[in-house]
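# Per-entry structural report
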Amino acid sequence: MISKIFKKFHKSTKVIPKGNRAFTLIEMIVALGIFTLVAVVAVGAFVKIIDANKKSQSIKTAVNNLNFALESMTREMRVGYDFYCNPPTSTISRSYTPTSCIEQEMVAFRSSKKGTGTTIPTCNLIHAYRYNSALRTLEKAEQSNCDENITSGGGLFLPVVSKELDVESLKFTVSLSRNVG
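Residues numbered from 1 in each chain as written. Predicted model: local features only at pLDDT ≥ 70, side-chain atom pairs only at ≥ 80, totals over all residues. Heavy atoms only, no water.

### Digging into the sheet that holds strand 4 (residues 106–116)
Note the following rule: When DSSP locates at least two bridges between a pair of strands, those strands are taken to pair. Each helix is a run of DSSP H or I of at least 4 residues and each strand a run of E of at least 2, with the numbering of both proceeding from the N terminus.
Pairing is antiparallel across the open sheet formed by five strands, whose spatial order is 1-4-5-6-8. Bordering the open sheet on either side are strand 1 (81–85) and strand 8 (158–159), each of which pairs with just one other strand. Relative to strand 6 (residues 137–142), strand 5 (residues 122–132) runs antiparallel, the two being bridged by six bridges. Counterpart to Tyr131 in the pairing with strand 6 is Leu138.

### Comments concerning the pattern of salt bridges
Operational definition: Any carboxyl oxygen of Asp or Glu within 4 Å of a side-chain nitrogen of Lys or Arg constitutes a salt bridge here. Think of it in three bands: residues with accessible area under 20% of the maximum for their type are buried, residues over 50% are exposed, and the middle band is partly exposed, with areas taken using a 1.4 Å probe on protein chains only.
Inspection of every chain in the model, using the stated rule, returns eight salt bridges. Here Asp82 ties to Arg110 by a salt bridge, and the two come within 3.2 Å at their closest N and O atoms. On the criterion of sequence distance, the pair formed by Asp82 in strand 1 and Arg110 in strand 4 is long-range, its members being 28 residues apart. Residue classification places Arg110 among the buried residues on the basis of a relative accessible area of 9%. Salt bridges linked by common partners bring Glu76, Lys113, Lys140 and Glu142 together as one network.

### Here we look at a nonpolar patch on the surface
How we decide: The patches reported here contain residues having more than 30% relative accessible area and no salt bridge. Joining distances are 9 Å for like charges and 5 Å for nonpolar side chains (Val, Leu, Ile, Met, Phe, Trp, Tyr). Throughout, the Shrake-Rupley method with a 1.4 Å probe supplies accessible areas, and for residues the shown protein chains are the sole cover considered.
A grouping of Ile26, Val30, Ile34 and Val38 is seen on the molecular surface, where their side chains present a nonpolar patch of about 400 Å² in accessible area. A relative accessible area of 52% places Ile34 in the exposed class.

### Observations concerning the side chain of Asn132
Let me state the cut-off plainly: N or O atoms within 3.5 Å of each other form a polar contact, as long as, within protein, one can give a hydrogen and the other can take it, and as long as residues adjacent in sequence are counted only when both atoms are side-chain atoms. Every residue pair with non-hydrogen atoms within 4.5 Å of one another is taken to be in contact.
Turning to its location among the elements, Asn132 is positioned in strand 5. Of the polar contacts made by the side chain of Asn132, one reaches the backbone nitrogen of Ala134; its length is 3.0 Å. When near neighbours in sequence (up to four residues on either side) are disregarded, Asn132 contacts Thr137 and Glu139.

### Things to note about the nonpolar core
Rules: Buried residues of nine kinds, namely Ala, Val, Leu, Ile, Met, Phe, Trp, Tyr and Cys, make up a nonpolar core once their side-chain atoms join them within 4.5 Å.
Counting residues in each nonpolar core, the largest one holds 17 residues, and the members touching the most others are Met77, Val107, Tyr129 and Phe172. Elements supplying a minimum of two residues to this core: helix 2 (25–79), strand 1, strand 4, strand 5 and strand 9 (172–174). Ranked by residue count, the leading element in this core is helix 2, at three residues.

### Here's the deal with the side chain of Thr137
Position of Thr137 among the secondary structure elements: in strand 6. A residue is classified by how much of its surface remains accessible, and Thr137, at 6% relative accessible area, is buried. Ignoring any residue separated from it by four or fewer positions in sequence, one finds Thr137 in contact with Arg130, Tyr131, Asn132, Pro159, Val161 and Val167.

### Brief notes about helix 2
This is how it is decided: By definition here, a helix of n residues has an expected span of 1.5 Å times n minus one.
The terminal C-alpha atoms of helix 2 lie 81 Å apart, and with 55 residues this matches the ideal 81 Å at 1.5 Å per residue to within 8%. Every buried residue belonging to helix 2 is among Ala69, Ser72, Met73, Glu76 and Met77, and all of these are buried. On its buried face, helix 2 sits against strand 1, strand 4, strand 5, strand 6 and strand 9.

What follows is the structure, given as structure tokens:
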């Protein structure tokens, strides 16, 4: 009889042997909550890293664009001569006189590129760079033939840097004592 009671008691309590223990529902909910919290923090950090990488790439692209533009401008100016500064709203003709200037927004010079024309059979073409304060960009104009003038209002000036790049200020200084030619 005792053995029947013991068996009945043993079946109703269902004692689990030590090797087969399980988690309770509360333990599972707490573990799932902690895991979710850690996952949310990790995803947030990952999104911030991706955003920082995009910003870094954007800055790198802008700096590379500006470096390329300034290097090209420097190369052209290095082999140019008869530098001339003038207000950015004036016309640059073939007959300009080289001048010195301090902190002007536009500079023109005779480049090493040769050109032809009807009134002037051959010449060194004029290139001009200016800072466009309205668009906040660096622009360039160049003659396509020897008879052409460069006019700032004539639409000859084209941006040298990408439109995403915002140039806050740019000034040119020319000293005639350093000019060649």
